[in-house]
Amino acid sequence: MSSPARAEALGEPEVPVRRSWMAWLFFANLGLWLGVYAPIQVLLPQQAELFDNANKELVFGLVTGAGAVAALLANPVIGLLSDRTTSRFGRRHPWTLTGALIGAAGLVVLANAPDITVMTIGWCLVQAGLNGMLASLTSVVPDQVPVGQRATVGGLVGISQMLGTVLGAVVVTLLVTGLTNGYLACAAIVVVGALLFVVITPDVRLPKALRPSFALREMWISPRRHPDFSWAWGCHFMINLGNAFGTLYLLFFLADVVHYPSPEDGLLILMALYGVALVIGAVVFGSMSDRSGKRKPFVLLAVVVMAVAALLLVVWQTWTAALIAAPLLGVGFGVYMAVALALLTQVLPAAADRAKDLGVVNIANALPQVVAPLLTTVVLANLGGYRGLFAVSALATVIAGFLVTRVKSVS
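Residues numbered from 1 in each chain as written. Predicted model: local features only at pLDDT ≥ 70, side-chain atom pairs only at ≥ 80, totals over all residues. Heavy atoms only, no water.

A.B. asks: Would you take a moment to explain the packing of helix α9 (residues 250–258) against helix α10 (residues 263–292) for this structure?
C.D. replies: When two helices pack together, their arrangement is given by the angle between the helix axes and the distance between those axes. Direction vectors running N to C along α9 and α10 enclose 125°, while the axes themselves pass 9 Å from each other. Considering their axes alone, α9 and α10 lie oblique with respect to each other. Regarding α9 and α10, the two cross each other, and that crossing is right-handed. Contacts between α9 and α10 involve Leu 250, Leu 251, Leu 254 and Ala 255 from the first element and Pro 263, Glu 264, Gly 266, Leu 267, Leu 270 and Met 271 from the second. Of the residues assigned to the contact of α9 with α10, the class counts are eight nonpolar, one polar and one charged. (Axes fitted to C-alpha atoms, helices over the stretch in contact; angles between N-to-C directions. Helix = DSSP H or I, 4+ residues; strand = E, 2+ residues; numbered from the N terminus. Parallel < 35°, antiparallel > 145°, perpendicular 65-115°, else oblique. Left-handed = near helix turned anticlockwise from the far one by under 90°. Contact = heavy atoms within 4.5 Å. Nonpolar A, V, L, I, M, F, W, Y, C, P; charged D, E, K, R; others polar.)

A.B. asks: What is the right way to read the nonpolar core from this model?
C.D. replies: A general tendency of soluble globular proteins is for nonpolar side chains to be buried together. Core analysis: the biggest nonpolar cluster contains 117 residues, and Leu 25, Leu 44 and Tyr 336 have the highest contact counts within it. If sequence neighbours within four positions are ignored, Tyr 336 has contacts with Cys 235, His 236, Ile 239, Val 299 and Ala 302. (Core = buried A, V, L, I, M, F, W, Y, C linked by side-chain atoms within 4.5 Å. Buried < 20%, exposed > 50% of the residue type's maximum accessible area, 1.4 Å probe, protein only.)

A.B. asks: Just to check I follow, could you spell out the pattern of salt bridges for this structure?
C.D. replies: Side chains that carry opposite charge are capable of pairing whenever their charged atoms lie near each other. Inspection of the entire model under this criterion finds six salt bridges. Among the salt bridges present, the one from Glu 49 reaches Lys 56, with a minimum N-O distance of 3.9 Å. Residue classification places Glu 49 among the partly exposed positions, given a relative accessible area of 35%. Exposure remark for Lys 56: the relative accessible area of 13% places this residue in the buried category. Residue Arg 92 pairs with Asp 83 through a salt bridge whose shortest N-O separation is 3.0 Å. (Salt bridge = Lys/Arg side-chain N within 4 Å of Asp/Glu carboxyl O.)

A.B. asks: Can you help me understand unusual backbone geometry in this one?
C.D. replies: If a residue is not glycine, its phi is most likely negative; likewise, a peptide bond is most likely trans. Its identity as a non-glycine residue notwithstanding, His 259 has a phi of 60°, on the positive side. What makes His 259 exposed here is its relative accessible area of 57%.

A.B. asks: Would you mind going over the packing of helix α13 (residues 354–382) against helix α14 (residues 386–404) with me for this structure?
C.D. replies: Two elements in contact, α13 and α14, have axes whose closest approach is 7 Å; the angle formed by their N-to-C orientations is 130°. Taken as axis vectors, α13 and α14 run oblique relative to one another. Relative to α14, α13 is oriented so that their crossing is right-handed. Along its contact with α13, which presents Thr 376, Val 379 and Leu 380, the element α14 presents Tyr 386, Gly 388, Leu 389 and Val 392.

A.B. asks: Is there a simple way to explain a nonpolar patch on the surface in this structure?
C.D. replies: On the surface, a nonpolar cluster with roughly 420 Å² of combined accessible area is contributed by Val 192, Leu 195, Leu 196, Val 199 and Ile 200. Among the secondary structure elements, Ile 200 is positioned in helix α7 (residues 179–200). (Patch = residues over 30% accessible without salt bridge, like charges linked within 9 Å, V, L, I, M, F, W, Y side chains within 5 Å. Areas by Shrake-Rupley, 256 points an atom, 1.4 Å probe, with all protein chains shown as cover.)

A.B. asks: Before we go on, may I ask you to explain empty space enclosed by the protein in this structure?
C.D. replies: Over the atoms rolls a probe the size of a water molecule, and in doing so it shows where empty space is left. In the structure shown here, the tally under the stated rule is four cavities of 30 Å³ or more. Reported here for the largest cavity is a volume of approximately 440 Å³. Sorting the residues of the lining of the largest cavity by element identifies α2 (19–51), α5 (116–144), α6 (150–175), α8 (227–247), α12 (319–346) and α13 as the ones contributing at least two each. Per-element accounting of the lining of the largest cavity gives the leading share, seven residues, to α5. Counted by class, the lining of the largest cavity contains 18 nonpolar, 12 polar and no charged residues. Forming the walls of the second largest cavity are 19 residues, and the residues nearest its centre are Gly 246, Thr 247, Leu 313, Ala 325 and Leu 329. Among the elements of the structure, α8, α10, α11 (296–315), α12 and α14 are those that each provide at least two residues to the lining of the second largest cavity. (1 Å grid on protein atoms, 1.4 Å probe; cavity = no way out; pocket = protein on both sides within 12 Å on 5 of 7 lines; lining within 4 Å. Points joined across faces, edges and corners; volume = space filled by probe spheres on them.)

A.B. asks: What exactly am I supposed to notice about the side chain of Thr 64 here?
C.D. replies: Structurally, Thr 64 is set in helix α3 (residues 56–83). Using a relative accessible area of 2% as the deciding quantity, one classes Thr 64 as buried. Reaching out from Thr 64, the side chain makes a polar contact with the backbone oxygen of Phe 60 at a distance of 2.8 Å. Side-chain polar atoms of Thr 64 contact the backbone oxygen of Gly 61, separated by 3.2 Å. The contacts of Thr 64, once residues within four sequence positions are left out, are Leu 44, Trp 123, Gln 369 and Pro 373. (Polar contact = N/O pair within 3.5 Å; in protein donor to acceptor, adjacent residues only side chain to side chain.)

A.B. asks: Teacher, can you tell me more about α13 here?
C.D. replies: Along its 29 residues, α13 runs 42 Å from first to last C-alpha, staying within 8% of the 42 Å computed at 1.5 Å per residue. At Asn 365, α13 is deflected by roughly 30°, the largest bend along its length, and proline Pro 368 occurs up to four residues later in sequence. (Expected span 1.5 Å × (residues − 1). Bend = angle between axes of the 7 residues up to and from the residue.)

A.B. asks: Where do I start with the packing of aromatic side chains in this structure?
C.D. replies: For the structure on display, the rule yields 14 aromatic pairs. Ring centres of Trp 21 and Phe 197 lie 6.2 Å apart, and the angle between their planes is 65°; this geometry places the pair in the edge-to-face category. Remark: Phe 197 occurs in helix α7 and Trp 21 occurs in helix α2; sequence separation between them is 176 residues. Phe 197 carries the same exposure label as Trp 21, and that label is buried. Ring pairs connect the aromatic residues Trp 24, Phe 26 and Phe 27, which therefore count as one cluster. Its end group placed over the ring of Trp 231, Arg 406 keeps NZ or CZ at 5.4 Å from the ring centre. (Phe/Tyr/Trp six-rings, centres within 6.5 Å; stacked < 30°, edge-to-face > 60°. Lys NZ or Arg CZ within 6 Å of the ring centre and 35° of its normal.)

Here it is, written out as structure tokens:
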């Protein structure tokens, strides 16, 4: 195989991507995260309460936990398949669109779910499809974005995740009413975002001669051979675990502890504050990271700010405290998301397995959704209720800061 073909498919990209390409990637990610977070923040808790009000926390935890298992499996598997796809439409685009359609189908199932069992099946489909889409969308960054642009692009991806959370709450609480309409609106937005990215932007084709071998044992990435990847993965996992502890049960926290008159409206206000702060953190510090070429100092800054936000809710459980903690958490997570994608793509073991390896990275997004609901039940019952939960959130975040200091190949 000629070196130009190899360089295009597997080499480090050198030509900067255009702003228009960034914009379409942003919108595709926006639709993806809206399809994930609007159900998690609003629709699934409401549906759990509708089916079993007395055990709503347990139902919500079981459903989200099952969905996270589906996400955990789908992300690296779809990544593995994406790395080996030689379609004339490219390696990534076919899986982006397929994942979006599966996720949308799951949202339709949720819209018509008559009981908890079907609700669980629907959410598993959503998580499997959208995490397959996530695997392909994440991998286009090392495929097409030079290292010097990656924190900037990572910042946009982080903003899309935040806006997906905020706009999802807006869509399902203000623009449409009812569980059915909420789920169907999310499904439509997911498909439109994916379709626009796939149709408008080019994808890199993989020549058949460069297709890696196919074996499930290749899912394993040796910590001994690739220690920096393992430390970065651990940092990403702990950040997401801390974030899950702090946000998954926020609606119930506002209702049962803060006693805010309208928890859904309160959540919308907090998410708006969180979102504005995240945009500022991602844009400002992502650009600073690319200019300096450094990643770890910005991760450590994010860890400190996020831990302070969680600890504030340990000592002061009021609506005022929540109004202060939300933008603190937002700016911290914005800083982290801007540099995380850059750092993680710089420690990938092999260019031929970018999507698979990033799928393994994305397990660090999904696994906390399994672990957090299970541990939250224990924490709430035995470690001081929501004070204990936010303290555990801060602890997980601090551990992430320690782990990133162990990465040696990235400054």
